[in-house]
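Observations on the model geometry
Each chain, letter by letter, is given below.
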Amino acid sequence: QVQLVESGGGLVQAGGSLRLSCAASGRTFSNYIMGWFRQFPGKDREFVTSSSANGAGTYADSVKGRFTISRDNAKNTVYLQMNSLKPEDTAVYYCAARPEWTATWGTRLGYWGQGTQVTVSS
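What comes next is a walk through the structure.

The rules behind these values
- Throughout, a residue's number is its position along its own chain's written sequence, starting from 1.
- Local features in this predicted model are restricted to residues whose pLDDT is 70 or higher, and side-chain atom pairs enter the listing and the counts only when it is 80 or higher, whereas totals over whole chains, interfaces and linings include all residues.
- Think of the side-chain values as coming from all heavy atoms in the structure, minus any hydrogens and water.
- The numbering of helices and of strands both runs from the N terminus, where a helix is a DSSP run of H or I of at least 4 residues and a strand a run of E of at least 2.
- Here the globule rule is a power law, 2.2 Å times the number of residues to the power 0.38, and the radius of gyration is based on C-alpha atoms.
- Note on exposure labels: buried denotes an accessible area under 20% of the residue type's maximum, exposed denotes more than 50%, and partly exposed covers the range between, all computed with a 1.4 Å probe on protein chains only.
- Should any heavy atoms of two residues lie within 4.5 Å, those residues are counted as being in contact.
- Charge convention: Lys and Arg are scored as positive, Asp and Glu as negative, and His as well as the terminal groups of each chain are ignored.
- Charge positions come from single atoms, namely NZ of Lys, CZ of Arg, CG of Asp or CD of Glu.
- In this description, the term disulfide denotes a pair of cysteine sulfurs within 2.5 Å.

**Comments concerning the overall build of the protein**
When you go through the protein residue by residue, the secondary structure sums to zero helices and 11 strands. When the helices and strands of the protein are listed from N to C terminus, the series reads β-β-β-β-β-β-β-β-β-β-β. On C-alpha atoms alone, the protein measures out to a radius of gyration of 14 Å, which is about the 14 Å that the 2.2 N^0.38 rule sets for 122 residues. The C-alpha extent of the protein, read off along each of the three principal axes, is 40 × 30 × 25 Å. For the protein, buried positions account for 43% of its 122 residues. Put simply, of all contacts in the protein between residues at least 6 apart along the chain, 57% involve residues at least 24 apart. Of note, the protein has its 12 positive side-chain charges centred 4 Å away from the centre of its 8 negative side-chain charges.

See below:
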C-alpha cells in the first residue's frame, strides 16, 4: 500500500522557518515528480513546489526565494524548507507524487498525503 506521510508542521512566528518532510512508502518514487501543495481555509488546493526525478525544482511565485524543495531518493523522502515565513503562508500543506510521464497532478496515477498544518503567527 502506497503512503505519503507528512511531518514537521506546527506553529512558528513570522520570519521563522520550518522544515516539512514527506516519507513515501509502498513503492520507489525515484522516477516520480514529488511536490508540495497547500490549502487555505475555504480555498482550493494550490501548487507550491515540485521536484523532478533529477531534482530540478519548480516554485510558485509566492514562495520563490523563501522555500526550497529537496529529495533523498535513497530514503524515499522529500523535504520542504520554508524560510522567512509569513502569516499568509498559514495553510495545510500536502505532499504529492505523480509519475514523471504524466502531464498533470490529480490523476488516478498520483498519490497524496494527509496534510500537515502550518500556522504562522504575526
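**A closer look at the state of the cysteines**
Summed over the entire model, instances satisfying the criterion amount to one disulfide. Put simply, C22 and C95 are joined by a disulfide, and their sulfur atoms are 2.0 Å apart. Residues C22 and C95 share a disulfide whose torsion about the S-S bond is about -80 degrees; that sign makes it left-handed. Here C95 lies in strand β9 (residues 91-99) and C22 lies in strand β3 (residues 18-25), a separation of 73 residues in the sequence. Note on C22: relative accessible area 0%, which makes it buried.

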